[in-house]
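For reference, the chains in residue letters:
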Amino acid sequence: MPEPEMTQLQLIKDARNQLSLYESIKDDYRKVNAEFKQQSKQLSDENKAMENDIASAVRRERSQIEKYYSGDLRRLEDDLKKAQSRKDKTRSKGVKKRIRTETAPLKEENEMLKEAGRSELRDAGISPVFNTPAFYRLFSPKGILEIVTVILLFLIIGAVLPACIYFLIPERKLYYLVILCAALIALQIVLYICIHKATKGRNQGAVLHARKNYDLIRANKRKIKALTRAIETDTDESMYKLGDLNETLSRVQGNYDRLRAEYEAKIEDFEMNRQPAIEADIRDSYNERIQSAEESMAQLKAQCEQMKLRMDKEAEILSSNYTSVIGKRFMKEETLMRLEEILGEHEAESIEEAIEVLKSRK
């Protein structure tokens, strides 16, 4: 066989050997890498188990401290709530009694003023039904606010109300609205004049005096409201006789505060001293296994890195020396063997011809 043909045949053989070497290294790398991942998972599981054991041990001992104090703390909290409730109820009764006592003169004065107003109107021949806030604001207004209120009322009845009625009429005509406005305005005027004649027109002095009584009643109500608010917000509790209740509340509060401080001191001591000791003991029990796993991982990692470097080197040789000549699609073990057979049986004198022969067989 001519030398060029032998060179081509040898190239295919060398390519197949190089591919076999590359695949062998690649398989070894995969195995070591899989072992590295498995070891990594085992190390992660060990660390998780260690942390779980630490958390469980810490929780168990901490719960013993909490259990020891929780019953007494709950009992004292209940006692504290009961003592505070008794004090609040007693104070509330005292506040209500004080409000009744201190506002009684003003309330009595208001009743007297109301009765005086009714009597005065009755003596003047005016029905007591007119002894109302609405009557005094409409027929004896005082101040800008009351005057504006009267004007607004007249506007509502004389303009707004007719407009509302007008829009409810199915067949609307403008003169309907004019008639409604005129009728309601006239009705207002007539009613106002009639009531005025029956009251102020009959005895203006009596109405004005009754209005004065009404103003005094309003002033007294404002005083009652202000006095009630002042009593409710007064921080001086000396007049409510809360001495025994305050003493009980203070004693229970002191007992609770002392026990709470003792509990918090125990928890702080546990967190500062006992908890680190628990963690150290458990970590020591896991240390040998974790350290062994870490060393094994380090070795496997080094092997993986070395194999990766060698695999990259062999891949570079395969690519530059063979793949570029034969073609990437033919760089397979079975294909190279068939090309080797074709060249070995002298069916082709070059790799290109061998590839054409291979293609023709498919």
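All figures in this text were calculated on a predicted structure; none of them were measured in a lab.

K.L.:
Teacher, can you tell me more about the overall build of the protein here?
P.N.:
Within the protein, the regular secondary structure consists of eight helices and zero strands. Listed N to C, the secondary structure of the protein is α-α-α-α-α-α-α-α in terms of helices and strands. A compact globule built from 362 residues would reach a C-alpha radius of gyration of about 21 Å, whereas the protein, at 53 Å, exceeds it by more than 25%. When contacts within the protein are restricted to residue pairs at least 6 apart in sequence, those whose partners lie at least 24 apart make up 78%. Counting every atom, the protein has about 23,900 Å² of accessible surface; 55% of that belongs to carbon and sulfur. Looking at charge distribution, the protein has the averaged site of its 63 positive side-chain charges lying 19 Å from that of its 60 negative ones.

K.L.:
Could you clarify how one ought to interpret the packing of helix 7 (residues 333-344) against helix 8 (residues 351-361) in this entry?
P.N.:
The geometry of a pair of packed helices is captured by two quantities: the angle between their axes and the separation between those axes. At a closest axis distance of 9 Å, the pairing of helix 7 and helix 8 adopts a crossing angle of 110°. What the angle tells us is that helix 7 and helix 8 run roughly perpendicular. On helix 8, the residues touching Thr335, Arg338, Leu339, Ile342 and Leu343 of helix 7 are Ile351, Ala354, Ile355, Val357, Leu358 and Arg361. Classifying every residue of the contact of helix 7 with helix 8 by side-chain character gives eight nonpolar, one polar and two charged.

K.L.:
Which parts of the structure should I look at to understand the packing of aromatic side chains?
P.N.:
Pairs of aromatic rings are described using the distance from one ring centre to the other and the angle between the two planes. Overall, the coordinates contain two aromatic pairs when judged by the stated rule. Between the aromatic rings of Tyr68 and Tyr69, the centroid separation amounts to 5.0 Å while the plane-to-plane angle is 80°, which identifies the pairing as edge-to-face. On the basis of relative accessible area, Tyr69 is assigned to the buried category, the value being 3%. Ring pairing ties together the aromatic residues Tyr68, Tyr69 and Tyr263, which thus form one cluster. Here the guanidinium or amino end of Arg289 rests over the ring plane of Tyr286, the centre of that ring lying 4.6 Å away.

K.L.:
Just to check I follow, could you spell out a nonpolar patch on the surface for this structure?
P.N.:
Nonpolar side chains collect at one region of the surface, where Ile144, Ile147, Val148, Ile151, Leu152, Leu155, Ile156 and Val160 lie side by side and expose about 730 Å² of accessible area between them. By the element assignment, Ile144 lies in helix 3 (residues 143-168).

K.L.:
Just checking my understanding: could you explain the nonpolar core for this structure?
P.N.:
Soluble, globular proteins show a tendency: their nonpolar side chains are buried together. In terms of nonpolar packing, the biggest core is built from 27 residues, with Ile326 and Leu339 touching the most fellow members. Listed by contribution, the elements that provide at least two residues to this core are helix 1 (3-123), helix 6 (243-326), helix 7 and helix 8. In this structure Ile326 touches Ile12, Ala15, Met331, Leu336, Leu339, Ile351 and Ile355, once residues within four positions along its chain are discounted. Counting 20 residues, the second-largest nonpolar core is a separate cluster that includes Tyr69, Leu76, Tyr263 and Tyr286.

K.L.:
What is the right way to look at the side chain of Gln39 in this model?
P.N.:
Along the chain, the position of Gln39 falls in helix 1. Since its relative accessible area comes to 15%, Gln39 is described here as buried. Look past the residues within four positions of Gln39 in its chain and what remains in contact with it is Ala293, Ser296, Met297 and Leu300.

K.L.:
Help me understand the pattern of salt bridges, please; the structure alone is not making it clear to me.
P.N.:
As a working rule, side chains carrying opposite charge can pair if their charged atoms are close by. All chains considered together, the criterion is met by 15 salt bridges. With a closest N to O distance of 3.2 Å, Glu51 and Arg283 form a salt bridge. Placement of Glu51 in helix 1 and of Arg283 in helix 6 is noted, with a sequence separation of 232 residues between them. Glu51 gets classed as partly exposed once you look at its relative accessible area, which sits at 38%. Across the pair Asp234 and Arg98 runs a salt bridge, and its minimum N-O distance is 3.1 Å. Here Arg98 lies in helix 1 and Asp234 lies in the loop between helix 5 (204-233) and helix 6, a separation of 136 residues in the sequence. For Arg98, a relative accessible area of 17% gives the class buried.

K.L.:
Would you mind showing me how to read helix 8 here?
P.N.:
Note: α-helices contain 3.6 residues per turn, so residues at a spacing of three or four share the same orientation. Listing the buried residues of helix 8 in full gives Ile351, Ala354, Ile355, Val357 and Leu358. Considered in projection along helix 8, the buried side chains sweep an arc of 160° and stay on one side of the axis.

K.L.:
How do you make sense of the confidence of the model for the protein when you look at a structure like this?
P.N.:
If pLDDT is low for a region, its predicted coordinates should not be looked at in detail. With 93% of its residues at a pLDDT of at least 70, the protein reaches an overall mean of 83. Mean pLDDT in the protein bottoms out at helix 2 (residues 133-139), which sits at 69, and peaks at helix 6, which reaches 90.

K.L.:
I keep staring at the side chain of Gln18 and nothing clicks. Help me out?
P.N.:
When you line up the elements, Gln18 lands in helix 1. Residue class for Gln18 comes out buried when judged on its relative accessible area of 12%. Of the polar contacts made by the side chain of Gln18, one reaches the side chain of Glu314; its length is 2.4 Å. If near-sequence neighbours (up to four positions away) are discounted, Gln18 is found in contact with Glu314, Ile317, Leu318 and Tyr322.

K.L.:
Would you take a moment to explain helix 7 for this structure?
P.N.:
Here helix 7 contains 12 residues, and its C-alpha end-to-end distance of 16 Å stays within 8% of the 16 Å for a straight helix at 1.5 Å per residue. Looking one or two residues beyond helix 7, the residue adopting positive phi is His346, at roughly 60°.

The rules behind each value
- Chains are numbered independently. Their residues run from 1 in the order of the written sequence.
- Per-residue local features of the predicted model are confined to residues with pLDDT of at least 70, and side-chain atom pairs are confined, for both listing and counting, to 80 or more; whole-chain, interface and lining totals are unaffected and use all residues.
- Excluded from the side-chain calculations are hydrogens and water; all other atoms, namely the structure's heavy atoms, are used.
- Put simply, DSSP H or I for four residues or longer makes a helix, DSSP E for two residues or longer makes a strand, and each gets a number counted from the N terminus.
- We compute the radius of gyration from the C-alpha atoms alone; for a globule the expected value is 2.2 Å times N to the 0.38, where N is the number of residues.
- Here a residue-residue contact requires only that any non-hydrogen atoms of the pair lie within 4.5 Å.
- The Shrake-Rupley method, run with a 1.4 Å probe sphere, supplies the accessible areas, and residue values consider only the shown protein chains as cover.
- Charge assignment in this entry is limited to Lys and Arg as positive and Asp and Glu as negative, and neither His nor the chain termini are counted.
- Charged side chains are reduced to one point each, which is NZ for Lys, CZ for Arg, CG for Asp and CD for Glu.
- Only the stretch in contact is used when a helix axis is fitted, and all axes are lines through C-alpha atoms; the angle between N-to-C directions ranges over 0 to 180 degrees.
- Just so you know how the angles are binned, under 35 degrees is roughly parallel, over 145 roughly antiparallel, 65 to 115 roughly perpendicular, and the rest oblique.
- Just so you know the grouping, Ala, Val, Leu, Ile, Met, Phe, Trp, Tyr, Cys and Pro go in nonpolar, Asp, Glu, Lys and Arg go in charged, and all remaining residues, Gly too, go in polar.
- Only Phe, Tyr and Trp rings are paired, with Trp represented by its six-membered ring, and only when their centres lie within 6.5 Å; those with planes under 30 degrees apart are stacked, over 60 edge-to-face, the remainder tilted.
- Remark: exposure states derive from per-residue accessible area (1.4 Å probe, protein chains only) relative to the maximum for the residue type, with buried under 20%, exposed over 50%, and partly exposed in between.
- Our definition puts a charge over a ring when NZ of Lys or CZ of Arg is within 6 Å of the ring centre and also within 35 degrees of the ring normal.
- To count toward a patch, a residue needs a relative accessible area above 30% and no salt bridge. Like charges then connect within 9 Å, nonpolar side chains (Val, Leu, Ile, Met, Phe, Trp, Tyr) within 5 Å.
- We count a salt bridge whenever a side-chain nitrogen from Lys or Arg sits within 4 Å of a carboxyl oxygen from Asp or Glu.
- The nonpolar core is taken to be a set of buried Ala, Val, Leu, Ile, Met, Phe, Trp, Tyr and Cys residues, with the residues joined through side-chain atoms within 4.5 Å.
- Arc definition: directions from the helix axis to the C-beta atoms.
- Scored from 0 to 100, pLDDT records how confident the predictor is in each individual residue.
- Whenever a nitrogen or oxygen atom comes within 3.5 Å of another N or O atom, the pair is scored as a polar contact, on the condition that within protein one atom can donate a hydrogen and the other can accept it, and that pairs from neighbouring residues in sequence are kept only if both atoms are in side chains.
- Take the residue count of a helix, subtract one, and multiply by 1.5 Å to get its expected span.

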